[in-house]
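If you want the building blocks of each chain, they are given just below.
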Amino acid sequence: MAQAPDLTPADYQRIIATLSTQKAQAELAALEWQVRAENASAALAAQATSEGASE
């Protein structure tokens, strides 16, 4: 098995910064999907309410 290259403190800082950025992007995407789901649920509830009122 090949030995891993030695990483410098700067390498670790770059890795951590990259992972932090990726985590923030994933969290933002999850929040965007949560908002879309909540909006869709609200729209469906409003549609069901208006259909019920028109009967």
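To keep things clear, this report deals only with the structure shown in the data block.

What follows concerns the overall build of the protein. Each helix and strand counted, the protein has 1 helix and 0 strands in total. Against the 2.2 N^0.38 benchmark of 10 Å for 55 residues, the protein shows a C-alpha radius of gyration of 23 Å, more extended than a compact globule. Projecting the C-alpha coordinates of the protein onto the three principal axes gives extents of approximately 75 × 25 × 5 Å. Accessible surface for the protein amounts to roughly 5,000 Å². Of this, 62% is attributable to carbon and sulfur atoms.

Tallied over the entire structure, the rule returns 2 salt bridges. Its salt-bridge partner being aspartate 11, residue arginine 14 comes within 2.3 Å of it at the nearest N-O pair. Remark: aspartate 11 and arginine 14 occur in helix H1 (residues 9–54); sequence separation between them is 3 residues, near one turn of the helix. With its nearest N and O atoms 3.9 Å apart, the salt bridge here joins lysine 23 to glutamate 27. In this pair, lysine 23 and glutamate 27 both sit in helix H1, 4 residues apart, roughly one turn of the helix.

For the coordinates displayed, the defined rule picks out 0 aromatic pairs. The ring of tryptophan 33 carries the charged tip of arginine 36 above its face, separated from the ring centre by 4.5 Å.

Taken together, the side chains of Leu7, Tyr12, Ile15, Ile16 and Leu19 define a hydrophobic patch exposed on the protein surface, amounting to about 490 Å² of accessible area. Tracing the backbone shows isoleucine 16 in helix H1. According to the relative accessible area criterion, isoleucine 16 is exposed, its value standing at 53%.

Analysis parameters
- Residues numbered from 1 in each chain as written.
- Predicted model: local features only at pLDDT ≥ 70, side-chain atom pairs only at ≥ 80, totals over all residues.
- Heavy atoms only, no water.
- Helix = DSSP H or I, 4+ residues; strand = E, 2+ residues; numbered from the N terminus.
- Rg over C-alpha atoms; globule rule 2.2 N^0.38 Å.
- Areas by Shrake-Rupley, 256 points an atom, 1.4 Å probe, with all protein chains shown as cover.
- Salt bridge = Lys/Arg side-chain N within 4 Å of Asp/Glu carboxyl O.
- Phe/Tyr/Trp six-rings, centres within 6.5 Å; stacked < 30°, edge-to-face > 60°.
- Lys NZ or Arg CZ within 6 Å of the ring centre and 35° of its normal.
- Patch = residues over 30% accessible without salt bridge, like charges linked within 9 Å, V, L, I, M, F, W, Y side chains within 5 Å.
- Buried < 20%, exposed > 50% of the residue type's maximum accessible area, 1.4 Å probe, protein only.

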